[in-house]
Amino acid sequence: MAIPLPRKIWQTLGAIKTGVILLILTVILAAAGTLILQRPATDPDEIQRAYSPQVLRLLDGLGLTDVFHAWWFVLLLSLVSLSIVAASIQRFPNAWRFYARPYKSPDEAFRKALPTHKLIAIKDEETALSAAERVLAKKGFHPERIVRENSFSLFGERNRISEMAVYIVHASLLLIFLGGIIDAEFGWRAFLSLTRGEQSSEVQAQNGPKHFLPFAVRCDGAGQENYADGTPKKWWSNLTVLKGGREVLHKQIVVNEPLVYGGVRFYQASYGKTGKVDKLVLTATSRQSMNPKDITLGLNETAALDPDTTVRLAEFIPDYVVGDGQVYARSNDLENPAARLVVESKKSGQAINYWLPAIPGIEQNALSPYDFQGKDVQMAYFTGLEVSHEPGQWGVWAGVLLMGLGLVVVFYLVHSRIWVVPVRDARGQLQLWIGGAANKNKDVFEQRFSDVVKQIEWELKPSQPEISQTSVAALTEK
Amino acid sequence: MARARVEQQPAAATGMTLVVMVGLGVAFLLFMAFLNVVKSGNLLNESNLLYATLIFYFGAATLYLGFGITGTPNYVRFASLATWAGLLANTGAVAHRWYEAGHPPFASIYEMLLSFVWTLAALTLIAEKKFKVKVIGTVTMPVAIVGVVLMQLLRTDVRPLVPALQSTWLHVHVTLAMLAYAACALSFALAMMFLIQDKMKTETFLAATSIFTIATYIATLTRFEKWGGLSVAAWNPEEKSEIFIAKGVRLFVVIPDLGWLLLLVLAAVSVPLVFYILWRKTNNEAHLDLANRAVFLSILLQTLALVFFIVRVRDGHYFSLDADGQFPTSLAASPFILSGLVGGIFVSLLYLLLLWRRTDLERMLPSADELDRIIYKTIAIAFPLLTLMIAAGAYWANRTWGSYWSWDPKETWAAITWLVYAGYLHMRITRGWRGRRAAYFAILGFAVVMFTFFGVTYLLPGLHAYA
């Protein structure tokens, strides 16, 4: 009868051939993903320049312009995981039996088949076994005596955990995948830009929706330090976390040092000019009294000049140009600044646009009772924060640690076993059969095995210290 | 090994000539350098240390090659002494760099090469002393020399680290990468030696080396320009960088006639393969003999091409098809072509070494089984290192960009490298792959490593732009 289909699929999934084919496919597609320009990372114009429209349509249709997020790539990775799971489950019972119930007393067939063994002639079983026991204990094999109805023997082993190592590594890989899947499903990345004093509890995700945080983040200050040649050395931001209006956490973040709160991480990503003014310091001089007075204004802030007159900073353009009777901003750099002040009189209700500097055609500077002069300007800077929520990353890091551990066990811990059995040869002579096996690095083990055998032989020699003592005694008598 | 020594005993006396010659050469070059130092009054700076490194490695490589050809044990003794001296100077250069820059030397491709060369020399000594693989220097020291020479062409000024690079995790990541890649390089060299010991036919090596050189020249000739020119990237000597006409678009200049020469050399390096195929078809030994002669001839022509390439690139300004006026270029602007040309010569020379001295080589190398085991052991070292390297990189990326994996090309290729070696381990452990197939896997693994290290940096775009 044919094998039922689900079982067949299960067995195919667990076969090493399937695993290798899936891995090769993964490698090929991942390589394709690095050779073909990828959508989210590359500028759309650049992609259009690189490929002809037909080719691009084909690539887009196949998902080859965003390989790593295409459904078939995700499917492939899932199949790889499934294959690992299937292979591990199918092979695990055998390995577990081997691990949980070690083979301790070898029968004759096993003794014959084992390649690494040695026979030593002995006088009596007890002396020989206790000598072997001493040697094995000294070499770290933790020997135990195996008592059967009509025989007893020795079994010693090291690093049995090595038999389980492959499963540790595979489990760690699955843990990493699990973390990755959780992050792909429930994680998000967003961007938040704050200026000094500003706070926010909503962030704009890269691919669409806004996320509302159960707390707010305020920027208390941000800045940049430069090297002597002007390239940036450090960006920093002082952040405060506010929960229910209460300050719960302060932290200065720099590029490699994020703020973590409530599972959300804030990374210093960029720092730059907003093109907006933070503080403008002006000298206002009354046209009547000629009395100068310093005032400081933020955008849309109003200051009283005298009981009747107020001034408001209505506009600030860091780099202005004039065209068609309009003022435009050319860039966000503080190159050629212009400010529009509104001077109001309470009594008359008259509002005058005072331009600094005077821009012909639109300024009404002559009507103002005050003259203004710029004294100092401080621009507002924004700090760009990368915000991410990765609930699965702990799975990833745990998986990485477990894998490191597993790999050390896989490569450097050898499960080595030694059996010692007293036997009689064809002529009825008493012999000690010593056999050994290792699951890897067999050459090193053979060396160790012959060491053990030599030690046992040495222990079994008629004890030399006694002989030398008697001979010394004999010498002194004479 | 012991047998080899006995048989080579009579040659030992004459063998000293090479040692004496190399010793005199090193002394002469050091003396010339010393005169320069006296003039400038600055002894222990980085370029002097690097110069000393280069001289000692050069001496070591010559002696290792001498050993590879004649099998005189004396050569190895002096070669390791020279390697020790070079390593000392190299350590000085690394330390100087570290002190000057204030960070471990991993920030630019120059600094990475500096560290790579150091690791390579150290591993050569370890392989020699611990595993008794004495000829390994024949392969690794010339590679180290190419590394030092390439370093002379790259920009050397200590550049401040951009904020993203100021992290201990980055240093952990790069150190692990260097160690892992060096272990992969070692497994590659051992795999080659395995193929020799496994009685792979010398003719097969002939075919393989021919295909490698042909591929190199075809790849170079993709830069063939109309009317026989060769287009190479333009170079700004003041800035010590390539000239860009748009973001990511380099300016190319055309060196006239160089394309014809390279085409000629391509024909020359194809000749051995043609005769090899004829030999396979007709079984006429004369064809094989002709093929071997053609290799010798092709080396001469390849050397000629290299010399012309260097001379033409270094002198004068050339026209560009994309911009008006003439622009200079530099060897540093064409690291791939340069390494390709040098690599082709090197590989052909190694083939000749094999052809002429195969029995000596077989005597000097460990047995095939032994090599197979050592390959497995080096990969058993490389694989955990690769794993930790990727993990450290992911951890660093997570601290810097808030994402531990973003499928950027370097990451993807590191994962591919990891998968290839994982494939090797699975095949070996579960399928019992030993010997030749395992050796092929080790070679494939190293090819992927090389692509990840150089290819991705130069050919594919991504976050790892600075390394």
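Quick caveat, the model's predicted, so the values are computed rather than measured.

**Here we look at the confidence of the model for chain B**
Residue and element names in this part refer to chain B. Here chain B averages 80 in pLDDT, while 85% of its residues score no lower than 70. Note on residues 1-14: pLDDT under 50 across the span, and 13 contacts to partners over four residues away in sequence or across chains. Note that pLDDT drops below 50 for residues 462-467; the model gives that stretch 16 contacts with residues more than four away or on any other chain.

**Points about the side chain of His287 of chain B**
Residues and elements named next belong to chain B. Inspection of the secondary structure assignment puts His287 in helix H9 (residues 285-314). For His287, a relative accessible area of 17% puts it in the buried group. Polar side-chain contacts of His287 include one of 3.1 Å to the side chain of Thr282. In this structure His287 touches Phe275, Leu278, Trp279 and Thr282, once residues within four positions along its chain are discounted.

**Concerning the sheet that holds strand S17 (residues 351-356) of chain A**
All names here are of chain A. Taken together, four strands build an open sheet; the order of strands is S12-S13-S16-S17 and the sheet is antiparallel. Two strands bound the open sheet, and with one partner strand each, they are strand S12 (302-304) and S17. Going across the sheet, the axis of each strand differs from the next one's by a mean of 25 degrees, ignoring polarity. When strand S16 (residues 338-345) meets S17, the two strands line up antiparallel, connected through six bridges. Following the sheet pairing, Leu341 is matched in S17 by Tyr354.

**Some points on the packing of helix H11 (residues 368-401) of chain B against helix H12 (residues 409-430) of chain B**
Residues and elements named next belong to chain B. The geometry of H11 relative to H12 is characterised by a closest axis approach of 10 Å and an angle of 140 degrees between their N-to-C directions. Between H11 and H12, the crossing angle belongs to the class labelled oblique. You can see that H11 and H12 cross each other, and the crossing is left-handed. Together, Asp372, Ile375, Tyr376, Ile379, Phe383, Leu386, Thr387 and Ile390 of H11 and Ala414, Ala415, Thr417, Trp418, Tyr421, Ala422, Tyr424, Leu425, Arg428 and Ile429 of H12 make up the contact between the two elements. Looking at the contact of H11 with H12 residue by residue, the classes come out as 14 nonpolar, two polar and two charged.

**Observations concerning a nonpolar patch on the surface**
Residues and elements named next belong to chain A. Together, Trp71, Leu75, Leu79 and Leu82 make up an exposed nonpolar region whose accessible area comes to about 420 Å². One can find Leu75 in helix H5 (residues 71-100). The partly exposed category is assigned to Leu75, whose relative accessible area is 43%.

**Structural notes on the packing of aromatic side chains**
Residue and element names in this part refer to chain A. One pass over the structure, following the stated rule, counts 27 aromatic pairs over all chains. Considering the side-chain rings of Tyr354 and Phe372, the 4.9 Å spacing of their centres and the 75 degrees angle between planes classify their relative orientation as edge-to-face. Taken as a pair, Tyr354 in strand S17 and Phe372 in strand S18 (residues 370-389) lie far apart in primary sequence, 18 residues in all. A residue is classified by how much of its surface remains accessible, and Tyr354, at 4% relative accessible area, is buried.

**Section: the interface of chain B and chain A**
In this assembly, 40 residues from chain B lie in contact with 46 residues from chain A. Both faces considered, chain B and chain A share a buried interface measuring about 3,500 Å² in area, 67% of it formed by carbon and sulfur atoms. At the junction of chain B and chain A, the tally comes to one salt bridge. Here Glu257 of chain A ties to Arg399 of chain B by a salt bridge, and the two come within 2.9 Å at their closest N and O atoms. Linking chain B to chain A there are six residue pairs in polar contact (both at pLDDT 80 or more). Among the elements that line the side of chain B that touches chain A, the one with the most residues is H11 of chain B, at 16 residues. Counted by class, the side of chain B that touches chain A contains 26 nonpolar, 10 polar and four charged residues.

**Points about the pattern of salt bridges**
All names here are of chain A. Under the criterion given, the structure shown has 26 salt bridges over all chains. The closest approach of N and O atoms between Arg145 and Glu126, which form a salt bridge, is 3.2 Å. Linking Arg145 in strand S2 (residues 144-147) with Glu126 in helix H7 (residues 125-138), this pair joins segments that are 19 residues apart in sequence. Classification of Arg145 by relative accessible area gives partly exposed; the value is 30%. It is possible to trace a salt-bridge network through shared partners that takes in Glu126, Glu133 and Arg145.

**A word on the environment of Glu163 of chain A**
All names here are of chain A. Its place among the elements puts Glu163 in the loop between strand S3 (152-158) and helix H8 (165-186). The sequence separation of Glu163 and Ser289 amounts to 126 residues, and the corresponding C-alpha distance is 96 Å. Apart from residues no more than four positions distant in its own chain, Glu163 is found in contact with Phe98, His415 and Asn439. Within the structure, the side chain of Glu163 is placed 2.6 Å from the side chain of His415, a separation counted as a polar contact.

**A closer look at the pairing of strand S19 (residues 416-424) of chain A**
In summary, the side chains of a regular strand alternate between the two faces of the sheet. Residues and elements named next belong to chain A. The buried count for S19 comes to eight of nine residues, which makes it a mostly enclosed element. Here five bridges tie S3 to S19, and the two strands are oriented antiparallel to one another. When the sheet's bridge partners are listed, Arg158 is paired in S19 with Ser416. Both S19 and strand S20 (residues 430-438) contribute to a ladder of nine bridges, which runs antiparallel. Counted as the bridge partner of Trp419 is Gly435 from S20. Where S19 folds back on S20, the antiparallel hairpin that results is connected by five residues, among which Gly428 adopts a positive phi of roughly 85 degrees.

**Side note on the domain arrangement of chain A**
As assigned here, chain A comprises domain 1 (5-97), domain 2 (102-159 + 414-463), domain 3 (185-273 + 383-392) and domain 4 (276-379). Distance between the C-alpha centres of domain 1 of chain A and domain 2 of chain A: 50 Å.

**Some points on the sheet that holds S20 of chain A**
Residues and elements named next belong to chain A. An order of S1-S20-S19-S3-S2 is seen for the five strands of this open sheet, with the pairing classed as antiparallel. On the outer flanks of this sheet lie strand S1 (117-121) and S2, each paired with one strand and no other. The sheet shows a mean angle of 25 degrees between the axes of neighbouring strands, taken without regard to direction. Alignment of S2 against S3, held across four bridges, turns out to be antiparallel. Across the sheet, residue Ile146 finds its bridge partner in S3, namely Ser153.

**Some remarks on unusual backbone geometry**
Residues and elements named next belong to chain A. For the bond running from Leu356 to Pro357, omega is -5 degrees, close enough to zero to count as cis. By secondary structure assignment, the location of Pro357 is in the loop between S17 and S18. At His142, a position not held by glycine, the phi torsion is positive, near 45 degrees. Within the fold, His142 resides in the loop between H7 and S2.

Rules behind the numbers
Residues numbered from 1 in each chain as written. Chains lettered and ligands numbered in written order. Predicted model: local features only at pLDDT ≥ 70, side-chain atom pairs only at ≥ 80, totals over all residues. Heavy atoms only, no water. pLDDT = per-residue confidence, 0-100. Contact = heavy atoms within 4.5 Å. Helix = DSSP H or I, 4+ residues; strand = E, 2+ residues; numbered from the N terminus. Buried < 20%, exposed > 50% of the residue type's maximum accessible area, 1.4 Å probe, protein only. Polar contact = N/O pair within 3.5 Å; in protein donor to acceptor, adjacent residues only side chain to side chain. Pairing = 2+ DSSP bridges. Axes fitted to C-alpha atoms, helices over the stretch in contact; angles between N-to-C directions. Parallel < 35°, antiparallel > 145°, perpendicular 65-115°, else oblique. Left-handed = near helix turned anticlockwise from the far one by under 90°. Nonpolar A, V, L, I, M, F, W, Y, C, P; charged D, E, K, R; others polar. Patch = residues over 30% accessible without salt bridge, like charges linked within 9 Å, V, L, I, M, F, W, Y side chains within 5 Å. Areas by Shrake-Rupley, 256 points an atom, 1.4 Å probe, with all protein chains shown as cover. Salt bridge = Lys/Arg side-chain N within 4 Å of Asp/Glu carboxyl O. Phe/Tyr/Trp six-rings, centres within 6.5 Å; stacked < 30°, edge-to-face > 60°. Buried area = accessible area lost by both parts, 1.4 Å probe. Domains from an automatic or database assignment.

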